[in-house]
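One letter stands for each residue in the lines below.
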Amino acid sequence: MAGHSQFKNIMHRKGAQDAKRAKQFAKVLREITVAVRSGSPDPTANPRLRAAMTAGREINMPKDNIERAIKKASGAGAGDDYTEVRYEGYGPAGVAIIVEGLTDNRNRTASEVRAAFSKHGGSLGESNSVSFMFAHVGVISFPTDIASEEEMLDAAIEAGADNVLLTEDGHEIICAMENFFAVRDALETRFGEPQSAKLDWRPENSVVLNEETARSVLKLIDVLEDNDDVQAVYANFDLPDDVARALAA
């Protein structure tokens, strides 16, 4: 029975991972659709499309999937039309949360997001009710071995970036939102395609969570991220090392 149970657990975990991967693909495909329809099917002339394609490659999306999505989106009247939406509110322990989405039905998405906040100890607020606690910036990432710390710093400053951080995952270049595409393109010309390139909401201050509140906040974020219309969720919390270890156990 132990072996059977272990096999079932492995199969369940693989199923959950496959489902998560499918949702990631769907979100990127939706972003590609919006990028093409708001600009051009030619990635060289469409910075948003190039960013979406980079996001697709980051999650190992097959090239054929990306090309089919571009072709479908560029067809006259093909597929759904999506609207960009943003919701702001507070989660448990007063954690500020920003939810960005692409939807073909604003009423449905707003209702589902509001229900998620209410059910999991939060409250949905008005527009701009928490975004003032965040900086909206561009973030471009490269692997550590692509350049020395000094070389990356010099290149980033020359390109118009504001800051460069060396993290355990690599070089992280921060720039103003309005300079994002110019900085990314300049660095891509010099170092090749980045690992990731996206607009991000970075909190100015963070709420430190204990294990109990962390579980509640992470549950709310999981529910929000699981919504098909939600593209990204940002929050201003911090997990102490002991809390992170307890959650991972």
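Residues numbered from 1 in each chain as written. Predicted model: local features only at pLDDT ≥ 70, side-chain atom pairs only at ≥ 80, totals over all residues. Heavy atoms only, no water.

S.K.: Got a minute to help me understand helix 2 (residues 47-58) in this structure?
M.R.: Working note: α-helix, 3.6 residues per turn, so residues spaced by three or four point in the same direction. The end-to-end C-alpha distance of helix 2 is 17 Å, a good match for the 16 Å that 12 residues give at a rise of 1.5 Å each. Residues Arg-48, Leu-49, Arg-50, Ala-51, Ala-52, Met-53, Thr-54 and Gly-56 constitute the buried set of helix 2. Its side-chain oxygen 3.2 Å from the backbone nitrogen of Arg-48, Asn-46 forms the N-cap of helix 2. Trailing helix 2 by a residue or two, Asn-60 shows a phi angle of about 60°, which is positive. (Helix = DSSP H or I, 4+ residues; strand = E, 2+ residues; numbered from the N terminus. Expected span 1.5 Å × (residues − 1). Buried < 20%, exposed > 50% of the residue type's maximum accessible area, 1.4 Å probe, protein only. Polar contact = N/O pair within 3.5 Å; in protein donor to acceptor, adjacent residues only side chain to side chain.)

S.K.: Would you take a moment to explain the pairing of strand 2 (residues 96-103) for this structure?
M.R.: Successive residues of a regular strand alternate their side chains across the two faces of the sheet. Strand 2 sits mainly inside the fold: seven of its eight residues count as buried. Here strand 1 (residues 83-90) runs beside strand 2; their pairing, made up of eight bridges, is antiparallel. Its bridge partner being in strand 2, Arg-86 is matched across the sheet by Glu-100. Counting the residues between successive antiparallel strands, the hairpin from strand 1 to strand 2 contains five residues, one of them, Ala-93, with a positive phi of roughly 65°. (Pairing = 2+ DSSP bridges.)

S.K.: Looking at this structure, how should I read the pattern of salt bridges?
M.R.: As a working rule, side chains carrying opposite charge can pair if their charged atoms are close by. By the definition in use, this model includes 17 salt bridges. Here Lys-23 and Asp-226 are joined by a salt bridge, their closest N and O atoms 4.0 Å apart. One end of the pair, Lys-23, is in helix 1 (residues 2-38); the other, Asp-226, is in the loop between helix 7 (211-225) and strand 9 (230-235), with 203 residues separating them in the sequence. Overall, Asp-226 belongs to the partly exposed group, its relative accessible area being 46%. (Salt bridge = Lys/Arg side-chain N within 4 Å of Asp/Glu carboxyl O.)

S.K.: Please clarify how the UniProt feature "domain: TACO1/YebC-like second and third" (unreviewed entry) in the protein chain should be interpreted in this entry.
M.R.: When the UniProt feature table is mapped to this numbering, "domain: TACO1/YebC-like second and third" (unreviewed entry) covers residues 82-237. Structurally, residues 82-237 comprises 33% helix and 36% strand, and the distance from its first C-alpha atom to its last is 30 Å. (UniProt positions renumbered as here; feature names shortened; annotations may be inferred.)

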